Amino acid sequence: MQFSGTILLLDDDRAARQNMETIFSFLGLTCQSGESADCLSYLDGAGDSVDICVVGEVKADPAALLAAHPGTAFIFRQEQAAAGHNLPGNYIGALSAEPEYDEIVSLLHYCQSFRSMQRLRKNGRAQNTQLLKFLVGKGEAISKVRRLIEQVAATDANVLILGESGTGKEVVARAVHELSKRSKKPFVPVNCGAIPGELLESELFGHEKGAFTGAFAAREGRFELAQGGTLFLDEIGDMPLAMQVKLLRVLQERKFTRVGSNKEIKADVRIIAATHQDLEKMVAEKTFREDLYYRLNVFPIETPPLRERADDIPLLIQELINRHGREQHTSIRFTGRAMLALMQNEWHGNVRELSNLIERLLILHPSEVVDLPDLPPKYQGDNVKATEADERFALLDAFSSSADAGEDGDDSPIELPELPAIAGEEEMAKAFAPNLADGAVNLKDLVANVEITMIKQALAQCGGVVSKACETLGLRRTTLVEKMKKYGLSSQDVAGE
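Overview of the structure. The shown structure was predicted, so the numbers you read here are calculated from the model rather than taken from an experiment.

### Regarding the overall build of the protein
So, point 1. Counting its secondary structure elements, the protein contains 21 helices and 14 strands.
So, point 2. Burial analysis of the protein (497 residues in total) assigns 47% to the buried set.
So, point 3. Sequence separation of at least 24 residues holds for 68% of the intrachain contacts in the protein that already meet a minimum separation of 6.
So, point 4. Surface exposure of the protein reaches about 24,700 Å², of which carbon and sulfur atoms provide 49%.

### Considerations on the side chain of Thr167
So, point 1. Checked against the element boundaries, Thr167 lands in the loop between strand E6 (159-162) and helix H7 (169-178).
So, point 2. Looking at Thr167, the relative accessible area reads 9%, which means it is buried.
So, point 3. A distance of 2.7 Å separates a polar atom in the side chain of Thr167 from the backbone oxygen of Glu164.
So, point 4. Looking at Thr167, its side chain comes within polar contact range of the side chain of Thr303, at 2.7 Å.
So, point 5. With sequence-adjacent residues up to four places away left out, Thr167 is seen in contact with Thr303, Pro304, Pro305 and Asn350.

### Considerations on the pattern of salt bridges
So, point 1. This model, assessed by the stated rule, comprises 19 salt bridges.
So, point 2. Lys378 is the salt-bridge partner of Glu353, the closest N and O atoms lying 3.5 Å from each other. One end of the pair, Glu353, is in helix H15 (residues 350-364); the other, Lys378, is in the loop between strand E14 (369-370) and helix H16 (386-405), with 25 residues separating them in the sequence.
So, point 3. A relative accessible area of 14% means that Glu353 is categorised as buried.
So, point 4. Judged by relative accessible area, Lys378 falls into the exposed class, the value being 57%.

### A look at the nonpolar core
So, point 1. The biggest cluster of nonpolar side chains holds 46 residues, and the ones touching the most others in it are Phe24, Leu27, Val54, Ile75, Ile317, Phe334 and Leu375.
So, point 2. Mapped onto this core, the elements with two or more residues apiece are strand E1 (7-10), helix H1 (14-26), strand E3 (52-55), strand E4 (73-76), helix H4 (101-122), helix H13 (313-328), helix H14 (336-343) and H15.
So, point 3. Contact partners of Leu375, with chain neighbours within four places excluded, come to Phe334, Ala338, Ala341, Leu342, Leu361, Val370 and Gln380.
So, point 4. Core analysis: the second largest hydrophobic core is formed by 32 residues, Leu200, Phe205, Leu248 and Tyr293 among them.

### Considerations on the sheet that holds strand E2 (residues 32-34)
So, point 1. Taken together, five strands build an open sheet; the order of strands is E2-E1-E3-E4-E5 and the sheet is parallel. Either end of the sheet is taken by a strand with one partner, and the two such strands are E2 and strand E5 (91-94). Along the sheet, successive strands turn relative to each other by an average axial angle of 15 degrees, direction set aside.
So, point 2. Across the sheet, H1 touches E1, E2 and E3, and the angle it forms with E1 is around 155 degrees.

### A look at the packing of aromatic side chains
So, point 1. Per the stated rule, a full pass over the model turns up eight aromatic pairs.
So, point 2. Measuring from ring centre to ring centre gives 6.4 Å for Phe74 and Phe76, while their planes differ by 25 degrees; the resulting arrangement is stacked.
So, point 3. Look at Phe76 and Tyr91: their rings are 5.5 Å apart centre to centre, the planes differ by 45 degrees, and that puts the pair in the tilted class. With Phe76 in strand E4 and Tyr91 in strand E5, this residue pair connects regions lying 15 residues apart in the sequence. Grouping residues by exposure puts Phe76 and Tyr91 together as buried.
So, point 4. Three or more aromatic residues joined by ring pairs form one cluster here, namely Phe74, Phe76 and Tyr91.

Basis of the calculations
Every chain is numbered on its own, with residues counted from 1 as its sequence reads. Per-residue local features are limited, in this predicted model, to residues with pLDDT of at least 70; the limit for side-chain atom pairs, both in listing and counting, is 80 or more; totals at the level of whole chains, interfaces and linings are taken over all residues. Processing note: side-chain calculations cover all non-hydrogen atoms of the structure and skip hydrogens and water entirely. To qualify as a helix, a DSSP run of H or I must reach at least 4 residues; to qualify as a strand, a run of E must reach at least 2; elements of each kind are numbered from the N terminus. Each residue is placed in one exposure class: buried if its accessible area under a 1.4 Å probe, protein chains only, is under 20% of its type's maximum, exposed if it is over 50%, and partly exposed if it falls in between. We call two residues contacting when some pair of their heavy atoms lies within 4.5 Å. Reported accessibility uses the Shrake-Rupley method at a 1.4 Å probe radius. Residues are deemed covered only where the shown protein chains occlude them. The term polar contact refers here to a pair of N or O atoms within 3.5 Å; inside protein, the definition further demands a hydrogen-donor-capable atom paired with an acceptor-capable atom, and it admits residues adjacent in sequence only when both atoms are side-chain atoms. Each salt bridge in this description consists of a side-chain nitrogen of Lys or Arg and a carboxyl oxygen of Asp or Glu lying within 4 Å of one another. Side-chain atoms within 4.5 Å are what join buried Ala, Val, Leu, Ile, Met, Phe, Trp, Tyr and Cys residues into a set we call a nonpolar core. For two strands to count as paired, DSSP must find a minimum of two bridges between them. To obtain each axis, a line is fitted to C-alpha atoms, and for helices this fit is confined to the stretch in contact; angles are then taken between N-to-C directions over 0 to 180 degrees. Pairing of aromatic side chains requires ring centres within 6.5 Å, counting the rings of Phe and Tyr and the six-membered ring of Trp. Pairs whose planes differ by under 30 degrees are stacked, by over 60 edge-to-face, and all others tilted.

By themselves, these figures tell us nothing about what the structure is for.
Have a look at this one:
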C-alpha cells in the first residue's frame, strides 16, 4: 500500500498495540506506538503533523482528544466504537475486534482523503470528505484523477471530463464544484443527450411567456439556476450543431438571452462538460465544432475504466456494500475466489455496472457470504467450471481449517519433509487423497505439507510477490502472511529457489 504519512498507535494494552504494529508491518507501513501517557505528550507536541492516530484503551476522553487535534485522522478500536457518536469529522471509523485486510485498507484510504481535504481547507478551499469517499481507490489512475481535481478546483477554468459511460464523470464534476470557491452556490447538471434539440435552447437559457407554443409562463433556464455556481453539461458530444454555436457565444461573451427576449443576462457560471465520445474524431468528421472543443478543453480529466483499476475493485465493492447496505439494512461478504473473479471481469459498464451487481447480490443473499457459484454466470469467468471449483476449494478450505485449528493448539513452525512438486490436477488429487490401506496417516502433518508445498509454488511462480500469491491461492494477504510465519517461510528465500 502506498502511504507516506505518520501513524501513531495510542494504546495502554500492550498486546493489542503489538498486534496492530504487526498488521501495519504486513501492510508495509511504519508507525510509532506507546502507552497513552507517553503518546499523548508526543501527540500534543507534534500537533497536526501526525496524519493518523489509532486509539485503543486510553485514559483520555475520546471527544476531547478529537477536538484537540482537528487536523489528525482518528481510528478507534472496537472497544471505543460507542464513542464515535456525534464526534467531529476527523473521527474516521472504528476497527472490529479482529480487523481484516480490506477493512483496514478502506479506513486508511478514508484517512488519506481526510488529510487531502485538510490541505485544501488550509489553502482556503471547501471541504467535503464524504464526496471523495466515492472516488475510491489507491491505484495510480484514480490517484491522478484526485490530484487533477485538487489542482483545478480553486480556479474558474473550464473542465472537460472524458471517459467511458459509468466511470463516474458526474462524481468528478461534483468533486470539482465542492472543492471550489463556488461550492456554496448551485451545482446544476444537464444531460445534453436526453433533451430534444428543439427544447435544449429553452432548457439552457430559459424562455419568456408566449415565446413559443406551450410557453404559458416565463421560465428560468439552467444558466440562471446555476448563477454563481457550476453548470455541468453531460454528454456534450450529443449536443446539436445549432446549439453548439449558441453555447460558444455564451462562453465567449459570458452573456445570454432567454428565448423570446432581447434582454441580456450575465452568465456568472463555471462550465464543466463531459462525454464518452471521442471529440477530436468528431471535430475531424465535422460533427462537433472545433472552436467549441478548444473552449471546453481547457483542463481535461480522463476517468479510467474499471478494467484498468482491478486492484481498486475490493475497495469499491466494500464502499458499495456500505452504501447500498445502509439502504437495505443488510450486508454481504465475498469469498476470495468470488472476489478474484470480479477483479478479472471486463466491466464494460464500469462502476455503474459493479454498483448494480452489488445491489442485486444484497437482495439475493442478504447477510450471507457470496461464493463463486452465487455470482451471475457472466461474472464467474470464461474458464471457471463452478462445480469442479466447488469441490477443489471445499477440500482446500477443509484442510486449512484443520491446519489452523490443530490437535494441540501448537502454533510453532512445523518442520516436515516436502512433498514432490505438484504439476497437474491428477497429482494434486493423489496428494489430497492418500491411501489408508497401508496404515495410519497423520492428517495434521499431511495438511501442513500440502500447504507448505502450495505456498512455495505460488510464491515461486509470482516471483516472491505476496499479493499476487494471495490471488493464486485464493487467500487474504493477512492469512497467507500468518501461514508463512507459522511455517517459517520467506518470500525472498522461496523466490530465489
